[in-house]
Amino acid sequence: MIVLVMGVSGAGKTTVGQRLARDLGWEFVDADDLHPAANVEKMRAGKPLDDQDRAPWLAALAACIRRHLDEGRDAVLACSALKAAYRAQLLVDPARMRLVHLNGDPALIAARLAARSDHFMPAGLLATQLATLEPPDDALRVDIGGDPDEIAAHIRRALGL
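Quick summary incoming for the structure in this document. Fair warning: this is a prediction, and the values are worked out from it, not measured in the lab. (Residues numbered from 1 in each chain as written. Predicted model: local features only at pLDDT ≥ 70, side-chain atom pairs only at ≥ 80, totals over all residues. Heavy atoms only, no water.)

Comments concerning the nonpolar core
Phase 1 of the analysis: One finds L4, L77, C79, L102 and I155 to be the most contacted residues of the largest nonpolar core, which totals 41 residues.
Phase 2 of the analysis: Among the elements that take part in this core, helix α3 (residues 51–70) stands out by supplying six residues, more than any other.
Phase 3 of the analysis: Excluding residues that lie within four positions of it along the chain, L4 makes contacts with L77, C79, A81, L90, M97, R98, L99 and V100. (Core = buried A, V, L, I, M, F, W, Y, C linked by side-chain atoms within 4.5 Å. Buried < 20%, exposed > 50% of the residue type's maximum accessible area, 1.4 Å probe, protein only. Helix = DSSP H or I, 4+ residues; strand = E, 2+ residues; numbered from the N terminus. Contact = heavy atoms within 4.5 Å.)

Given below as structure tokens:
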């Protein structure tokens, strides 16, 4: 099974996803690690990605998901997956995948982004991510206001894992 933890940058996908994977004894995959270098540089420069920029990244993510499923390797994948079209590409086997949408107060997310110094995504791009976000109807929706360990435990319970 794959649990895809989605949301805008700063929502806690990596933090919560790592804890969820640790608690389940599953592999953790951060979609940020699969971005082509050109995408990282573009975001670092404060420029939002467009669909053309995202196309090779989404293809690599879908291939990664397929490999995990084909090999029977459970994983938690942290990925923004902001648009329905992106999720359609990533949900390669909906029967063996679960979608979790981390969301919360934009001011909290902005504060988290402003406090980060080790990430290529600048706080200035939050507005573009929020504008791009198409909230899914078919996801477990989880508020990010709590402790990451509690959020991960809530996700496990809600998904029956």
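And the narrative resumes.
Observations regarding the pattern of salt bridges
Phase 1 of the analysis: What the rule picks out here adds up to nine salt bridges.
Phase 2 of the analysis: Between D23 and R156 there is a salt bridge, with the nearest N and O atoms lying 2.8 Å from each other. With a gap of 133 residues between them, D23 in helix α1 (residues 13–24) and R156 in helix α7 (residues 148–159) connect regions that are remote in the sequence.
Phase 3 of the analysis: Under the relative-accessibility criterion, D23 is labelled partly exposed at 34%.
Phase 4 of the analysis: The salt bridge involving D51 is made with K83; its shortest N-O contact spans 3.3 Å. (Salt bridge = Lys/Arg side-chain N within 4 Å of Asp/Glu carboxyl O.)

A word on empty space enclosed by the protein
Phase 1 of the analysis: Tallied over the entire structure, the rule returns one cavity of 30 Å³ or more.
Phase 2 of the analysis: Approximately 40 Å³ is the volume attributed to the largest cavity.
Phase 3 of the analysis: Lining the largest cavity are I2, V29, C64, I65, H68, A75 and L77.
Phase 4 of the analysis: Secondary-structure elements contributing two or more residues to the lining of the largest cavity are α3 and β3 (75–78).
Phase 5 of the analysis: When residues of the lining of the largest cavity are assigned to their parent elements, the largest contribution, three residues, is made by α3.
Phase 6 of the analysis: Here the residues of the lining of the largest cavity are counted per class, giving six nonpolar, one polar and no charged. (1 Å grid on protein atoms, 1.4 Å probe; cavity = no way out; pocket = protein on both sides within 12 Å on 5 of 7 lines; lining within 4 Å. Points joined across faces, edges and corners; volume = space filled by probe spheres on them. Nonpolar A, V, L, I, M, F, W, Y, C, P; charged D, E, K, R; others polar.)

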